[in-house]
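# Architecture at a glance
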Amino acid sequence: THGTPVAGLVAGSTTGLAPGVRLLPVKIFSDSGSDPAFEQAAIDGIQYAIDEGADVIQISWTLDGSPGAAFDAVFAAAEAAGVVVVVAAGNDAQDLDASPEFPASYPNVITVAGTDRYDRFVDLPGLFVSASGPATVELAAPTEKLTSTSSFVPGGEFPFTGTSAAAPLVSATVALMLSVNPPLTPPQVRAMLLASSDPLPSLSGRVAGGRLNAGNAVLLATGE
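This text gives an overview of the structure that appears in the document. Computed from a predicted model, the values in this text were never measured in an experiment.

Rules used in this analysis
Residues numbered from 1 in each chain as written. Predicted model: local features only at pLDDT ≥ 70, side-chain atom pairs only at ≥ 80, totals over all residues. Heavy atoms only, no water. Buried < 20%, exposed > 50% of the residue type's maximum accessible area, 1.4 Å probe, protein only. Helix = DSSP H or I, 4+ residues; strand = E, 2+ residues; numbered from the N terminus. Polar contact = N/O pair within 3.5 Å; in protein donor to acceptor, adjacent residues only side chain to side chain. Core = buried A, V, L, I, M, F, W, Y, C linked by side-chain atoms within 4.5 Å. Contact = heavy atoms within 4.5 Å. Salt bridge = Lys/Arg side-chain N within 4 Å of Asp/Glu carboxyl O.

### With respect to unusual backbone geometry
- Between F102 and the following residue, P103, the backbone shows a cis peptide bond with an omega angle of 15°.
- A positive phi angle, close to 65°, is found at A93, a residue other than glycine.
- Positive phi values are uncommon outside glycine, yet D119 reaches one of about 65°.
- For D119, a relative accessible area of 28% gives the class partly exposed.

### Notes on the side chain of T136
- With respect to the element layout, T136 can be found in the loop between β5 (128-129) and β6 (139-142).
- A distance of 2.5 Å separates polar atoms of two side chains, one belonging to T136 and the other to D97.

### Structural notes on the nonpolar core
- Counting residues in hydrophobic clusters, the biggest one holds 34 residues, and the most contacted among them are I46, I57, I59, W61, F71, F75 and V85.
- Among the secondary structure elements, those contributing two or more residues to this core are α2 (38-51), β1 (56-59), α3 (69-80) and β2 (84-88).
- A per-element tally of this core places α2 first, with 6 residues.
- When near neighbours in sequence (up to four residues on either side) are disregarded, W61 contacts I28, F29, F38, A42, I46, F71 and P103.
- The next biggest cluster of nonpolar side chains, apart from the first, holds 27 residues, and it includes L139, A166, L178 and V218.

### Side note on the pattern of salt bridges
- Applying the stated criterion to the full structure yields 4 salt bridges.
- Among the ionic pairs, D116 bridges to R120, the shortest N-O distance being 2.8 Å.
- Of the charged contacts, one joins R211 and D198 as a salt bridge, the two residues approaching to 2.7 Å between their closest N and O atoms. Of this pair, R211 sits in the loop between α5 (186-196) and α6 (214-222) while D198 sits in the loop between α5 and α6, and the two are 13 residues apart along the sequence.
- Look at R211 and you get buried, because its relative accessible area is 14%.
- Among the residues examined, D198 registers a relative accessible area of 21% and is labelled partly exposed.
- The network of salt bridges with common partners includes D119, D198 and R211.

Structure representation (structure tokens):
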């Protein structure tokens, strides 16, 4: 119910920003959506993606509590392997600079907040308010009612909202950047995403950069 629309925003033929990109689905949640061993499942899933040669890892979940040493280590392993990790900032209005949440608060990931259809920082009381923090959150991307694939409607589409919808747009952009310049490192990708993003008054003091501009990011990756 969650991975399907995320995948659709990345690689869907009509809904994706990078249609045709190869996906590696990794299931870490139980069918009920809760698992007391979730942290270990997440570690195993990330390590599996690294071992399988993933270029980008997309994460739209938050660890319940503080991470352990093994959790820290697998994110360090992803960076050492040259894997770009993109993480949704979260929908709880949290100031991640003041109150870290993981993996969004790791320094070696690209954390993504959300903007609405009017290019405003997403602030929908009673629904969700994007997490923020200019020292923690790199940039924002559109996140309100994005059309994506649905596991509820086979072959159908539905509006997907939340920072879980914003992060896949950045992941897809990273895939496009790497397709034109495969040697790019995670720090280089991060710097290019920030440099190519569009500054918006609504994002000032909330994210380090601006709103995702996928076209500019890919052009910058090509050296143009």
